[in-house]
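Architecture at a glance
Residues per chain, in single letters:
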Amino acid sequence: MKISDNGILRCGEMMAYYDISGCYILRPNAMKIWNIMRTYFDAVLEKAEVDENYFPLFVSASVLEKEKDHVQGFAPEVAWVTKAGKSDLNVPIAIRPTSETVIYPYFSKWIKSHRDLPLKLNQWNNVVRWEFSKPTPFIRSREFLWQEGHTAHATEEDADNEVGLVLEVLDHYRHLYEEYLAVPVVKGMKSENEKFAGARYTTSVEAFIPETGRGIQGATSHCLGTKFAKMFDIKFTNKEGKNELVWQNSWAYSTRTIGVMIMTHGDDKGLVNPPKVAPIQVIVIPVPFKDADTKEISKACCAVKDALREAGIRAKEDLSDNYSPKWKYSHWEMKGVPLRIEIGPRDLAKNQVRTVRRDNGVKADVPRVGLVEHVKELLGKIQQNMFDVAKQKRDDACVVVKTWDEFVEALGQKKLILAPWCDEAEVEMDVKRRTKDEVGAAKTLCSPFDQPEIPEGTLCFASGKLAKKWTYWGKSY
Ligand SMILES: O=C1CCCN[C@@H]1CCCn1cnc2cc(F)c(Cl)cc2c1=O
Ligand SMILES: [Mg+2]
């Protein structure tokens, strides 16, 4: 299901359209998923001693434009407040597109001595980027929710190792995608062209949507170096009393994660929610026959729902008397509920229920005795199967290419490409130019940390120079 099948998004009650283009309403089913992920990530931040704070939404023009090269590429997408009521503001105020220029002047004030380091802050907030490319719910919106972590360290080593958290946070992003959203991702390094200009290096988790043949950046974790410290004069006296620049990192994931999950698992019946994040994990539906004892059946449905909820399973029953069981099945399938339990007169008589899985449609009759444990196991199997199926599809969509012709052919077949590359920025620019077409040029997605062997003398698929690394290429969102 492509994210553009917005009818399903709306019917899945994940979001609603808003009267300002590029802005969307996040409805309870999306917020429940967002908050389940946030609970996980807040526990990670707690353990890593990252403190929660909240900086203002607004940035003064002077601060935002302090460093020309930081803003230059992004200027067209900055949203500005220029009036309050009837009167013009004498100085326009920007709405944060990201918070470096909001936070770092205060890092400069708060960090004086090495004793103030490491400083590790996070905030959960919205950011606004007035994008003009095609807005897509969750994937590219003019306002979105994210967390942004910003840390400062005394030495390059600290920023680069586990103290700096860059790779640790990146693996937690992998964990969120693979263990919570059942979406396979690749961890790797961004190319010089694709990295955040303010960073020494950018690492990312990259997903891929086989239906559209496009890669999508899932989340990023940057090692910034001292560039922002110079820009914002963030210095400290080290143990030897010397005044030095701090070394910084930053990392973020956003509500785009939900869009990637929807695109990865959705099918022509609608959403398919992985149990770990499904707002409703089990829907219990009575299947009354004309002369059956509907009261007994409804009672059994509520008893099963209560037993499941007792065990911490997010179960609901649908006893509405104005819809047929069949209508209810497709209604809850569209909402992506991973497991349905049906109870009819036969099930009642045999003290059993009928389970139906949303991921593969498999039906089974299960005794009421031990049902809770059985459902727990079943939800675990559904979670694992959703990941395995998505991973198989992603791997089947991936091809290794060695030559330019193979590269162009693979692009045409909507493949995720793994190719040996000379790692020269100019060559990447050249590939973009040579592959520009209606769905956009091919570019590097990341160079996987898990590098396959590069046989001696392997040549770059695009330049013919000696290849330095294996890199994932493709069209992207
Ligand atoms: O990815 C992260 C992790 C969390 C904190 N931020 C960084 C970099 C964000 C890049 N970026 C992304 N988009 C931007 C849009 C803008 F309008 C302006 Cl002025 C700047 C940027 C910009 O720097
Ligand atoms: Mg952007």
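About the cut-offs
Residues numbered from 1 in each chain as written. Chains lettered and ligands numbered in written order. Predicted model: local features only at pLDDT ≥ 70, side-chain atom pairs only at ≥ 80, totals over all residues. Heavy atoms only, no water. Buried < 20%, exposed > 50% of the residue type's maximum accessible area, 1.4 Å probe, protein only. Helix = DSSP H or I, 4+ residues; strand = E, 2+ residues; numbered from the N terminus. Arc of directions from axis to C-beta. Contact = heavy atoms within 4.5 Å. Pairing = 2+ DSSP bridges. Axes fitted to C-alpha atoms, helices over the stretch in contact; angles between N-to-C directions. UniProt positions renumbered as here; feature names shortened; annotations may be inferred. Parallel < 35°, antiparallel > 145°, perpendicular 65-115°, else oblique. Left-handed = near helix turned anticlockwise from the far one by under 90°. Nonpolar A, V, L, I, M, F, W, Y, C, P; charged D, E, K, R; others polar. Polar contact = N/O pair within 3.5 Å; in protein donor to acceptor, adjacent residues only side chain to side chain. Right-handed = clockwise from strand over helix to strand, strands pointing away. Core = buried A, V, L, I, M, F, W, Y, C linked by side-chain atoms within 4.5 Å. Near = heavy atom within 4 Å. Areas by Shrake-Rupley, 256 points an atom, 1.4 Å probe, with all protein chains shown as cover. Phe/Tyr/Trp six-rings, centres within 6.5 Å; stacked < 30°, edge-to-face > 60°. Lys NZ or Arg CZ within 6 Å of the ring centre and 35° of its normal.

**Some remarks on helix H11 (residues 325-334)**
- Along H11, the residues that are buried comprise Lys328, Tyr329, Trp332 and Glu333. Summarising the axial view, the buried residues of H11 lie within an arc of 130°, below the 170-degree limit, and thus occupy one face.
- Packed against the buried residues of H11 are strand S15 (282-286) and strand S17 (339-343).
- At the C-terminal side of H11, glycine 336 shows a positive phi close to 85°.

**A look at the sheet that holds strand S5 (residues 80-84)**
- Taking strand neighbours across the sheet as the criterion, the three strands line up as S4-S6-S5 in an open arrangement whose pairing is antiparallel. The open sheet has two edge strands, strand S4 (58-60) and S5, and neither has a second partner. Averaged over all neighbouring strand pairs, the angle between strand axes comes to 50°, with direction disregarded.
- Across four bridges, the pairing between S5 and strand S6 (residues 87-95) is antiparallel. Counterpart to alanine 84 in the pairing with S6 is serine 87.

**Observations regarding the UniProt feature "domain: Aminoacyl-transfer RNA synthetases class-II family profile" (unreviewed entry) in the chain**
- With numbering matched to this structure, UniProt assigns "domain: Aminoacyl-transfer RNA synthetases class-II family profile" (unreviewed entry) to residues 22-274.
- Annotated as residues 22-274, this span is 30% helix and 32% strand, and its ends, taken at the C-alpha atoms, are 27 Å apart.

**Describing the packing of helix H14 (residues 404-412) against helix H15 (residues 425-435)**
- Relative orientation of the contacting elements H14 and H15 amounts to 55°, with a least axis distance of 12 Å. Comparing the axis directions of H14 and H15 gives the class oblique. Along this stretch, H14 crosses H15, giving a crossing that reads as right-handed. The residues of H15 that touch H14, namely those facing Trp404, Phe407 and Leu411, are Val431, Arg434 and Thr435.
- When the residues that make up the contact of H14 with H15 are grouped by side-chain class, the tally is four nonpolar, one polar and one charged.

**Quick word on the side chain of histidine 265**
- Within the secondary structure layout, histidine 265 lies in helix H9 (residues 256-265).
- Given the relative accessible area of 10%, histidine 265 is considered buried.
- There is a polar contact of 2.7 Å between the side chain of histidine 265 and the backbone oxygen of leucine 181.

**Let's talk about the pairing of S15**
- Burial of S15 is extensive: five of the five residues sit out of reach of the surface.
- Where S15 lies against strand S16 (residues 315-317), three bridges are found, and the strand directions are parallel. Counted as the bridge partner of valine 284 is glutamate 317 from S16.
- For the segment spanning S15, helix H10 (residues 294-310) and S16, crossover handedness is right-handed.
- In the sheet, S15 pairs with S17 via five bridges, with the strands oriented parallel. Paired with valine 282 across the strands is leucine 339, a residue of S17.

**Let's talk about unusual backbone geometry**
- The omega angle of the peptide bond from leucine 117 to proline 118 is 0°, so this bond is cis rather than trans.
- Tracing the backbone through its elements, the reader meets proline 118 in the loop between helix H5 (100-110) and strand S7 (119-128).
- Although it is not a glycine, glutamate 13 sits at a positive phi angle of roughly 55°.
- Considering the arrangement of structural elements, one finds glutamate 13 in the loop between helix H1 (6-11) and strand S1 (15-17).
- Even without glycine at this site, leucine 165 takes up a positive phi of about 70°.

**A look at the nonpolar core**
- Within the largest apolar cluster, 41 residues are counted, with the highest numbers of intra-cluster contacts made by Met14, Phe41, Tyr253 and Ile258.
- Every element with two or more residues in this core is listed here: helix H2 (28-47), helix H7 (166-180), strand S10 (201-209), strand S11 (214-225), strand S14 (247-254) and H9.
- At eight residues, H2 tops the list of elements feeding residues into this core.
- Excluding anything up to four places from it in sequence, phenylalanine 41 contacts Trp124, Gln147, Val169, His172, Tyr173, Leu176, Trp251 and Tyr253.

**Quick word on the site of ligand 1**
- The full set close to ligand 1 counts 17 residues, and Phe74, Thr98, Glu100, Arg129 and His222 are the nearest of them.
- Threonine 220 places a polar side-chain atom, nitrogen or oxygen, 3.4 Å from an oxygen atom of ligand 1.
- Its free accessible area being 520 Å², ligand 1 has 94% of it covered by the protein chains.
- At the level of elements, strand S8 (143-153), S11 and S14 are the ones that each hand at least two residues to the shell around ligand 1.

**Digging into the packing of aromatic side chains**
- Evaluation of the coordinates by the stated rule reveals 26 aromatic pairs.
- Measuring from ring centre to ring centre gives 6.0 Å for phenylalanine 196 and phenylalanine 228, while their planes differ by 25°; the resulting arrangement is stacked. Residue phenylalanine 196 is located in the loop between strand S9 (186-189) and S10, and its partner phenylalanine 228 is located in helix H8 (residues 227-232); the two are separated by 32 residues in the primary sequence. Each member of the pair, phenylalanine 196 as well as phenylalanine 228, is classed as buried.
- These aromatic residues form a ring-pair network of at least three members: Trp34, Phe41, Trp124, Tyr173, Trp251 and Tyr253.
- A cation over a ring is seen here: arginine 142 above phenylalanine 132, with NZ or CZ 5.3 Å from the ring centre.
- Sitting over the face of the ring of tyrosine 477, arginine 214 holds its NZ or CZ atom 4.5 Å from the ring centroid.

**Description of the environment of valine 287**
- Among the secondary structure elements, valine 287 is positioned in the loop between S15 and H10.
- Overall, valine 287 belongs to the buried group, its relative accessible area being 17%.
- Distance from valine 287 to aspartate 347, taken between C-alpha atoms, is 9.5 Å for residues 60 residues apart in sequence.
- What valine 287 contacts, discounting residues up to four positions off in sequence, is Ile297, Pro325, Tyr329, Glu342, Ile343, Gly344 and Pro345.

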